[in-house]
Amino acid sequence: MDPSDKVKQDRLDELGAHRQELLQMFKRGAEFTEDLLKDNEKLRFRLAEAEARVGSSMGDAGLVQELMEKIRRLEEERQDLARRFAEVEAENKDFVNRYVEVENENNNLLNIYVASYQLHSTLDFQEVLQIITEIILNFVGAEVFAIALVDERTQKLRPLVAEGLPSESLAQLPIEGGVIGDVITSGEAHFVDDIENLKFEPESPGICTPLKIKDRTIGVIAIYKFLQQKKKLANVDHELFTLLAGHAATAIFASKLYTDSRRKLNTIQGFIDLVVS
Amino acid sequence: MAEYTALVVEDSPTMRQLIVFALRRLQSLKVIEADDGVDALKKLQVQKFNILITDINMPIMDGLKLVSLVRKDETHKDIPIVIITTEGAAEDRQRALALGANAYITKPIQAPQVINTVKELLKL
């Protein structure tokens, strides 16, 4: 081989080697680039995922805020409702108390109405006394009591009714001095607080109420003992005593007048019949 | 229209009026009055009653006798009977309950006591 051909061949071989080397380099570069592209793709995908996660968490925060606001509003509403419920409950209790008061008042008025009705339902003297006795016995609950009139002529008491005690114990009692005397003089009723332990003293009953026509005391109702189940006086009892003080006195007085006038009329009629015959 | 009829037997007009007025608050109850046991028996023969309220101490025929006769009457043998008594009359009360009375009211009588006793017995 010609030395110049050998050089040329060597040169060609060298170029071929360079060419191979370059091809290898380009190949490695291409592979490197491909890897980079793959990594880039992966990173882009992960970036997109991350962005998506961040985006959704930012949306939940808004929802939470909204829900917290709703909870706050509902809590305010609940407290308002609880307050209004307490007001209605208090009002309801007030109504119940007032209903009980009205019911009691109604029952008291019934007693007073019946007592008043009966007192003025008859002009018979004995019937009037019987009605007063029943009122004191069955409405007030007294066991031992007396009804007496003031005898202006003798200035002593004249018993009309003596329930559970001898009428002699009241007869001839003076109208001055003692509880009965004070009640007749003043026209004011006498009450004691403790009605369970009353002692029997004819001139000093535990309860004594005057029988009055206008300002004039014509007699008294004296109570010495109550039924064992009667522990204390109620408001209705005081109302009944007030009623008896006025209405019983008028009923007694009117029926006495009527009875006396009927008797006188019968006497006169009898006399006329005698004269005529 | 009243669903039930009550017979109130009491010789005292005052007490009878109180009991009748109290019971008239019950809308479903019609109230008939009798002034003693004999009058009550006459009324029981002509009319059916759902409840009987009677005093014990009455003239002509007392409440114990009345209770005893009512319990022998076919029409009224099962009606509720309420007796009116005083706290101290325990013996009368026991006898009345033994004869068939269902409940008792003690004097002094209060309207709520009457109403509640009748409501309980008639299940109003």
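Bear in mind the structure is a predicted one, so any value in this text is a computation, not a measurement.

About the thresholds
Residues numbered from 1 in each chain as written. Chains lettered and ligands numbered in written order. Predicted model: local features only at pLDDT ≥ 70, side-chain atom pairs only at ≥ 80, totals over all residues. Axes fitted to C-alpha atoms, helices over the stretch in contact; angles between N-to-C directions. Helix = DSSP H or I, 4+ residues; strand = E, 2+ residues; numbered from the N terminus. Parallel < 35°, antiparallel > 145°, perpendicular 65-115°, else oblique. Left-handed = near helix turned anticlockwise from the far one by under 90°. Contact = placed C-beta atoms within 7 Å. Nonpolar A, V, L, I, M, F, W, Y, C, P; charged D, E, K, R; others polar. Pairing = 2+ DSSP bridges. Domains from an automatic or database assignment.

(A) How the structure looks around the packing of helix α2 (residues 125–140) of chain A against helix α4 (residues 235–276) of chain A. All names here are of chain A. Contact pair α2 / α4: the axes reach a minimum separation of 8 Å and the direction vectors enclose 170 degrees. Viewed along their axes, α2 and α4 adopt a mutual orientation that is roughly antiparallel. Handedness of the crossing formed by α2 with α4: left-handed. In this structure, α2 contributes Phe125, Val128, Ile132, Ile135, Phe139 and Val140 to the contact, and α4 contributes Asp237, Leu240, Leu244, Ala248, Ala251, Ile252, Ser255, Lys256 and Thr259. In terms of residue class, the contact of α2 with α4 is built from 11 nonpolar, two polar and two charged.

(B) Spotlight on the sheet that holds strand β4 (residues 216–226) of chain A. All names here are of chain A. Pairing is antiparallel in the open sheet, where four strands are placed in the order β2-β1-β4-β3. Where the open sheet ends on each side, the last strands, each with one partner, are β2 (156–163) and β3 (207–213). Between one strand and the next, the sheet's axes are offset by a mean angle of 25 degrees, whatever the strand orientation. Across seven bridges, the pairing between β3 and β4 is antiparallel. When the sheet's bridge partners are listed, proline 210 is paired in β4 with valine 220. Its contacts with the sheet put α2 on β1 (142–151), β2 and β4, and the angle it makes with β1 is roughly 145 degrees. Of the strands in this sheet, β3 and β4 are in contact with α4, which crosses β3 at around 50 degrees.

(C) Structural detail: unusual backbone geometry. All names here are of chain B. Note the cis peptide between lysine 107 and proline 108, where omega equals 0 degrees. Take proline 108: it is sitting in the loop between β5 (103–106) and α5 (111–122). For isoleucine 60, which is not a glycine, the phi torsion comes out positive at approximately 65 degrees. Tracing the sequence through the fold places isoleucine 60 in the loop between β3 (51–55) and α3 (63–70).

(D) Expanded view of the sheet that holds strand β4 (residues 81–85) of chain B. All names here are of chain B. Read from one edge of the open sheet, five strands run β2-β1-β3-β4-β5, paired in parallel fashion. In this open sheet, the two strands that pair with only one neighbour each are β2 (29–34) and β5. Averaged over all pairs of adjacent strands, the angle between strand axes in this sheet comes to 20 degrees, irrespective of strand direction. For strand β1 (residues 4–9) and β3, the ladder comprises four bridges, and the chain directions are parallel. Residue pairing in the sheet places valine 8 in a bridge with isoleucine 53 of β3. In this fold helix α1 (residues 13–23) packs onto β1, β2 and β3, with an angle of close to 170 degrees to the strand it touches most, β2. Packed on one face of the sheet, helix α2 (residues 37–46) meets β1, β2 and β3 and runs near 160 degrees to β1.

(E) Here's a closer look at the interface of chain B and chain A. Contact with chain B, which involves 18 residues of that partner, is made by 17 residues of chain A. If you list the elements that add at least two residues to the side of chain B that touches chain A, you get α1 and α5 of chain B. A per-element tally of the side of chain B that touches chain A places α1(B) first, with seven residues. For the side of chain B that touches chain A, the per-class residue count stands at nine nonpolar, seven polar and two charged.

(F) Molecular detail of the domain arrangement of chain A. Residue and element names in this part refer to chain A. Taken as a whole, chain A is organised into domain 1 (1–119) and domain 2 (123–267). Its C-alpha centre places domain 1 at a distance of 91 Å from the equivalent point of domain 2. Contacts between the two partners involve seven residues from domain 1, matched on the other side by 12 residues from domain 2.

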